[in-house]
Amino acid sequence: MPQAVVIIGVQWGDEGKGKIVDYYTSAADIVARFQGGNNAGHTLVVEGKKTILHLIPSGILHPHAKCFIGSGVVVDPENFLEEVSILREAGIQDLENRIYLSDRCHLIVDYHKHLDAARENKKSGKLGTTKRGIGPAYEDRASRRGLRVADLFNEKVFEEKLKENLAEKNFLLKEYYGVSPVSMESFMTKYQGIAKQLKPFIRDVSAELFQSIEEGKKILYEGAQGVLLDVDYGTYPYVTSSQTLPSQAALGLGARVPKDTLFIGVIKAYSTRVGEGPFPTELTDAFGDELRESGSEYGATTGRPRRCGWLDLVAVKYALQVSGIKNLAITKADVLSGLFELKVCTAYEYQGNRLHTIPADSSILAKVTPIYETLPGWSEDLTAIRNINEIPKNLQNYLKFIEEFTGARINLISTGAGREAVIDIQKAF
Ligand code: IMP
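These figures come from a predicted structure and were not determined experimentally. (Residues numbered from 1 in each chain as written. Predicted model: local features only at pLDDT ≥ 70, side-chain atom pairs only at ≥ 80, totals over all residues. Heavy atoms only, no water.)

### Some remarks on the site of the ligand
Reasoning step 1: Asp14, Asn39, Thr130, Thr240 and Arg304 are the nearest of the 15 residues found near the ligand.
Reasoning step 2: The separation between an oxygen atom of the ligand and a polar side-chain atom of Asn39 is 2.9 Å.
Reasoning step 3: Separating an oxygen atom of the ligand from a backbone N or O atom of Val274 is a distance of 3.0 Å.
Reasoning step 4: Out of a free accessible area of 470 Å², the ligand has 96% covered by protein chains. (Near = heavy atom within 4 Å. Polar contact = N/O pair within 3.5 Å; in protein donor to acceptor, adjacent residues only side chain to side chain. Areas by Shrake-Rupley, 256 points an atom, 1.4 Å probe, with all protein chains shown as cover.)

Given below as structure tokens:
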């Protein structure tokens, strides 16, 4: 039994990680986030009730679990406090002792959100971001202009940094993007109030996690987005601004992962992508629309319709290669029930040549033609199945094909939206 499990998406995000994290949380003491921000969105269905969280780990819905937000996460404090109040209203108790927010997290503040939106609203260079200010906040971190959680409690430093930042950002907002600037006064008052409300949640997350690992506590690391949205290894520039690979779990929390850690990549049984960027297996026809409807493929964060397509095993295999993942959890196979046959992409064709991996140049990926293998479908309803031997034969073949093509092993199959709809082939905890 491993001491820890790291869960990451191995497509373009939205693989259904929230559900898998929720499943493993029943055996974990701590659920920790290490990258991204409130661009993520986890939809959880517990006892028929839907909860969507963007920043606070979904593990908070399990009363025994503590939730850590590491320094690699960019935090919009207003969103954080909003989620705290949603959780309080839902009757979830003792949040101050269960949510640990790192004092080293970078803050997403108003001008980040304004800049993100202003860039997206420009005619050219659109990436289809969530407009949550994620990119601009990570930019400030790298350029050492960022405001961190700890700065909220040093009024002088906060004000000085803010003054400098506002001068630059307002110049950009007003002169370059032609939108309204942000006022300094309203800013200071607002963030003084926010600091007070955040205080009970702030901890030295690195030290707390280090100690917990030493004590043998079980840790679940919750990745956001997916490998193909990683800032270096994703389909750049159509990516998010953080590192989404499992190695980020240690960096974004400031503590090594336990020696005995299982890394699980989550894949959806087909592919989706939201926002701009190349998507070789995209279905732009009526079947793509059908898949969107039957899979409820609308963004949990922005409500945008997700682009849908066949499973792209070239992309998955590449994602497994760069992330070092050998174990998979597969979601939404139930959505494919009822199809006579299914296609999976096993290579790309580009200018008469076969490609077997994701090229660094996204403009090439945008022009490839997918080469498909056709597999027989299944028609049975999967939702009630809990035993691997009871799944339809053609689904077994589909899963076997994925395992053989990628060299990874499928540990877990999610067969529906509910918490209990899971076939656990190899218990992780
Ligand atoms: P950003 O992270 O808001 O900067 O958006 C950059 C790209 O990542 C856009 O294509 C977004 O749609 C995508 N993205 C960000 N977060 C998620 C997510 O949680 N799921 C799926 N796509 C995401």
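Here the narrative resumes, following the displayed structure.
### Things to note about the environment of Thr415
Reasoning step 1: Mapped onto the elements, Thr415 comes out in the loop between β19 (409-414) and β20 (422-424).
Reasoning step 2: For Thr415, the contacting residues outside a window of four places in its chain are Lys19, Asp334, Leu382, Thr383, Ile385, Arg386, Ala421, Val422 and Ile423. (Helix = DSSP H or I, 4+ residues; strand = E, 2+ residues; numbered from the N terminus. Contact = heavy atoms within 4.5 Å.)

### A short note on the sheet that holds strand β5 (residues 66-69)
Reasoning step 1: As summarised here, the arrangement of the ten strands in space is β9-β7-β5-β2-β10-β1-β11-β15-β19-β20, forming an open sheet in which the pairing is mixed. If you trace the sheet from one side to the other, it starts and ends with β9 (202-203) and β20, each paired once.
Reasoning step 2: Sheet topology places strand β1 (residues 4-9) next to strand β11 (residues 261-268); six bridges connect them, and they run parallel. Bridging from a neighbouring strand, Gly9 pairs with Val266 of β11. (Pairing = 2+ DSSP bridges.)

### Topic: the packing of helix α5 (residues 155-176) against helix α6 (residues 184-198)
Reasoning step 1: The geometry of α5 relative to α6 is characterised by a closest axis approach of 11 Å and an angle of 145° between their N-to-C directions. Relative to α6, the crossing made by α5 is right-handed. For the pair α5 and α6, contact is made by Glu155, Phe158, Glu159, Leu162, Lys163 and Leu166 and by Met184, Phe187, Met188, Tyr191 and Gln192, respectively.
Reasoning step 2: Of the residues in the contact of α5 with α6, the class split is seven nonpolar, one polar and three charged. (Axes fitted to C-alpha atoms, helices over the stretch in contact; angles between N-to-C directions. Left-handed = near helix turned anticlockwise from the far one by under 90°. Nonpolar A, V, L, I, M, F, W, Y, C, P; charged D, E, K, R; others polar.)

### Side note on the packing of helix α3 (residues 110-121) against α5
Reasoning step 1: At a minimum axis separation of 11 Å, α3 and α5 run at an interaxial angle of 20°. By the angle between their directions, the pair α3 and α5 is classed as roughly parallel. Considering only the axes of α3 and α5, their crossing is left-handed. Contact residues: Tyr111, His114 and Leu115 in α3; Leu162, Asn165, Leu166, Lys169, Leu172 and Leu173 in α5. (Parallel < 35°, antiparallel > 145°, perpendicular 65-115°, else oblique.)

### Looking at the packing of aromatic side chains
Pairs of aromatic rings are described using the distance from one ring centre to the other and the angle between the two planes.
Reasoning step 1: Applying the stated rule across the entire model yields eleven aromatic pairs.
Reasoning step 2: Between the aromatic rings of Tyr176 and Tyr177, the centroid separation amounts to 4.8 Å while the plane-to-plane angle is 85°, which identifies the pairing as edge-to-face.
Reasoning step 3: Site record: aromatic cluster; members linked through ring pairs are Tyr111, Phe158, Phe187 and Tyr191.
Reasoning step 4: Cation over ring: Arg203 sits above Tyr100, and NZ or CZ is 4.2 Å from the ring centre.
Reasoning step 5: Note that Lys317 overlies the ring of Phe405, its terminal NZ or CZ placed 5.0 Å from the centroid. (Phe/Tyr/Trp six-rings, centres within 6.5 Å; stacked < 30°, edge-to-face > 60°. Lys NZ or Arg CZ within 6 Å of the ring centre and 35° of its normal.)

### Description of the domain arrangement of the protein chain
Reasoning step 1: When the domains of the protein chain are assigned, the result is domain 1 (4-101 + 204-263), domain 2 (106-198) and domain 3 (266-424).
Reasoning step 2: For domain 2 and domain 3, the distance between their C-alpha centroids amounts to 37 Å.
Reasoning step 3: Carbon and sulfur atoms make up 49% of the area that domain 2 and domain 3 hide from each other, which totals about 420 Å².
Reasoning step 4: Summed over the three residues of domain 2 that lose the most area to domain 3, namely Gly128, Thr130 and Arg132, the buried surface amounts to 68% of that side. (Domains from an automatic or database assignment. Buried area = accessible area lost by both parts, 1.4 Å probe.)

### Focus on helix α2 (residues 77-89)
Reasoning step 1: In this model α2 runs 18 Å from its N-terminal to its C-terminal C-alpha over 13 residues, within 8% of the 18 Å that 1.5 Å per residue would give.
Reasoning step 2: Among the residues of α2, those classed as buried are Pro77, Asn79, Phe80, Leu81, Glu83, Val84 and Leu87.
Reasoning step 3: Against the buried residues of α2 lie β4 (49-53), β5, β6 (74-75), β7 (99-102), β8 (106-107) and α6.
Reasoning step 4: The N-capping residue of α2, defined by a side-chain oxygen 3.0 Å from the backbone nitrogen of Glu78, is Asp76. (Expected span 1.5 Å × (residues − 1). Buried < 20%, exposed > 50% of the residue type's maximum accessible area, 1.4 Å probe, protein only.)

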